[in-house]
Amino acid sequence: MPHAVDTDHEAATVTAPPKARGPRTRGQRIRRVVAWTLLSLVLLAGGTAWWAYAHLNSNLTSIDLDRELGPDRPEKLATGAKDVLVLGSDSRSGANKGLAGGNTGGTARSDTAMVIHIPEGRRSAVAVSIPRDTLVTRPECKARDGSTLPSAKRVMFNSVYTTAGPACVVKTVEHISDVRIDHYVEVDFAGFQDLVDSLGGVTVTIDKTIHDTSSGLDLEAGTHRLDGTESLAFVRTRHGIGDGSDLGRIGLQQQFLLATLDEIKRQDLLGSPAKAYRIADSATRSLTTDSGLGSLVKLGDFGRSLKGLDPGRLRTVMLPVVYDKADPNRVVAAEPQASRLWKAIREDTAIPRSVLESTTSN
């Protein structure tokens, strides 16, 4: 007769009794507390970092240029270069309503437009400002209400944004320049004000006193540290400089762009994570980009590609223009200088001296 298996006995023989543990030493307790503290900090930092990333990422607004514009776009000739259209938008509604510089009745408009050309190598750049009063040919576009806008000649450049939005502005710039725009960046004026305040201000130097009751800017000649409100007045000013046209304001906008880039570079943001976060929060809340830059990862990758670019090597020029013969309150592209400028941008070659001598530059 087979022997029965005593499972209780076998289990008892293979299960070893736990070893008695002596009391922990003071050093062991300290190491255990330190280990758990470090682990908690790592988990907390990771959670905070994820929250910060998610928050900043959600601040961004983006548009899909490829979908909006379709395939009928200029060919990219200088494939190693990048061309970015930067707009400053100003609805004067909501947070913008109380900002100095006039009342547009809440209508969205673009007050600043620059095509920033970054050559292959990313060690220099050219910012081409397009005067808002320039008369251009607007190609067929979708209006803000979704209807189709037929092509129109002699429309004011900044009216394109108001009527049809950012995608049509990109399409218009590509039409007048034949330059393929790689990226789009729109900065809201109210967010711009917060960004400057997050930086602690931006320093500018002016040669002549500026007094403009329209923008609220009142500065004596010399060096000034501008806060966000003063900075907005600075980039909006037109009546207190030059002939009171948009052309004088462009010079101030270009000067302020360089001063802001220099301020960001000067500050030790890596040494102050809290300040870096405040600046990033202000910046992302003020931005609308194309989908190619529509996340922190994409923006970070693009930013890292520009790490060799020194603000001192950013040349600012204005699209060569002349006053329109039929309407002296408007300007039109000056030829052949404007075509030569766009050709140099398109082909990633040096801007001809004849162009530089005919426009505002530094």
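Shown above is the structure to which this text applies.
*Asks:* Outline unusual backbone geometry, listing residues and values.
*Replies:* Glycine aside, residues mostly have negative phi, and peptide bonds are mostly found in the trans state. The residue after E335, namely P336, is reached through a cis peptide bond having omega 10°. Positive phi is not limited to glycine here, since D178 has a value of about 60°. Inspection of the secondary structure assignment puts D178 in the loop between α5 (166–177) and β9 (183–188). By relative accessible area, D178 is classed as partly exposed at 41%.

*Asks:* Explain the pattern of salt bridges to me, and be specific about the residues and the numbers.
*Replies:* This structure, assessed with the given rule, holds 13 salt bridges. R285 is the partner of D194 in a salt bridge, and the nearest nitrogen-oxygen pair spans 3.6 Å. You can see D194 sitting in helix α6 (residues 189–199) and its partner R285 sitting in helix α9 (residues 273–285), a full 91 residues away along the chain. Owing to a relative accessible area of 29%, D194 belongs among the partly exposed residues under this scheme. Linking D301 and R304 is a salt bridge whose minimum nitrogen-to-oxygen distance equals 2.4 Å. Remark: R304 and D301 occur in helix α10 (residues 296–305); sequence separation between them is three residues, near one turn of the helix. According to the relative accessible area criterion, R304 is exposed, its value standing at 53%.

Parameters and conventions
Residues numbered from 1 in each chain as written. Predicted model: local features only at pLDDT ≥ 70, side-chain atom pairs only at ≥ 80, totals over all residues. Heavy atoms only, no water. Helix = DSSP H or I, 4+ residues; strand = E, 2+ residues; numbered from the N terminus. Buried < 20%, exposed > 50% of the residue type's maximum accessible area, 1.4 Å probe, protein only. Salt bridge = Lys/Arg side-chain N within 4 Å of Asp/Glu carboxyl O.

Keep in mind these numbers describe shape, not what the thing actually does.
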